[in-house]
Amino acid sequence: VRNLSLETEEFHLFALLEAFGKIRKITIITDHQGRSRGFGFVTFFRHEDAAEALQHMQGATLDYMILDLAWAKNKRRRR
């Protein structure tokens, strides 16, 4: 999930996405001082639930920010 507000916390993402299925883990990436870097990762137990969340929540608003959802890429595939 990209374009997160600096005030968004993991429980905000959980509340937004839990309707799509059971969530395994949510992580918001922070800098060395603990401040949000504006993106994070949501892992669902079922691929189908993640696909539905991505389809329905792309462009949704959270904390006054328009979210950009995409599948995570392995570091090797980014190059």
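Just so it is clear, the structure is predicted and the values come from calculations on it, not from any experiment.

### Notes on the overall build of the protein
Then, number 1: Along its length, the protein carries three helices and four strands.
Then, number 2: Scanning the protein from its N terminus toward the C terminus, one meets helices and strands in the order α-β-β-α-β-β-α.
Then, number 3: Over its C-alpha atoms the protein spans a radius of gyration of 12 Å, differing by no more than 12% from the 12 Å that the globule rule assigns to 79 residues.
Then, number 4: Judged by the C-alpha coordinates and their principal axes, the protein covers about 35 × 30 × 20 Å.
Then, number 5: Going through the 79 residues of the protein one by one, you find that 29% of them count as buried.
Then, number 6: Taking the intrachain contacts of the protein between residues at least 6 apart in sequence as the baseline, contacts between residues at least 24 apart amount to 48%.
Then, number 7: Accessible area of the protein: about 6,000 Å², with a carbon and sulfur share of 51%.

### Quick look at the pairing of strand E2 (residues 36-44)
Then, number 1: Across six bridges, strand E1 (residues 23-30) lies against E2 in antiparallel orientation. Residue Thr 30 lies in a different strand from E2, and its bridge partner there is Ser 36.

### Concerning unusual backbone geometry
Then, number 1: Although it is not a glycine, Asn 3 adopts a positive phi angle of roughly 70 degrees.
Then, number 2: Among the structural elements, Asn 3 can be located in the segment before helix H1 (10-17).
Then, number 3: Phi at Tyr 64 takes a positive value of approximately 70 degrees, unusual for a residue other than glycine.
Then, number 4: Along the chain, Tyr 64 turns up in the loop between strand E3 (61-62) and strand E4 (65-66).

### What to know about the layout of surface pockets
If you roll a probe as big as a water molecule over the atoms, it shows you where there is empty space left.
Then, number 1: Counted as a void, the largest pocket has a volume near 620 Å³.
Then, number 2: Those elements giving two or more residues to the lining of the largest pocket turn out to be E2 and helix H2 (47-57).

### A look at the nonpolar core
Then, number 1: Counting 16 residues, the largest nonpolar core has Leu 13, Leu 17 and Phe 44 as its most contacted members.
Then, number 2: Elements with a contribution of two residues or more to this core: H1, E1 and H2.

### A few points about the packing of aromatic side chains
Then, number 1: On inspection of all chains with the given rule, the structure shows one aromatic pair.
Then, number 2: With centroids separated by 6.1 Å and ring planes inclined at 80 degrees, the aromatic side chains of Phe 39 and Phe 41 adopt a geometry described as edge-to-face.
Then, number 3: Sitting over the face of the ring of Phe 45, Lys 22 holds its NZ or CZ atom 4.9 Å from the ring centroid.

The rules behind these values
Residues numbered from 1 in each chain as written. Predicted model: local features only at pLDDT ≥ 70, side-chain atom pairs only at ≥ 80, totals over all residues. Heavy atoms only, no water. Helix = DSSP H or I, 4+ residues; strand = E, 2+ residues; numbered from the N terminus. Rg over C-alpha atoms; globule rule 2.2 N^0.38 Å. Buried < 20%, exposed > 50% of the residue type's maximum accessible area, 1.4 Å probe, protein only. Contact = heavy atoms within 4.5 Å. Areas by Shrake-Rupley, 256 points an atom, 1.4 Å probe, with all protein chains shown as cover. Pairing = 2+ DSSP bridges. 1 Å grid on protein atoms, 1.4 Å probe; cavity = no way out; pocket = protein on both sides within 12 Å on 5 of 7 lines; lining within 4 Å. Points joined across faces, edges and corners; volume = space filled by probe spheres on them. Core = buried A, V, L, I, M, F, W, Y, C linked by side-chain atoms within 4.5 Å. Phe/Tyr/Trp six-rings, centres within 6.5 Å; stacked < 30°, edge-to-face > 60°. Lys NZ or Arg CZ within 6 Å of the ring centre and 35° of its normal.

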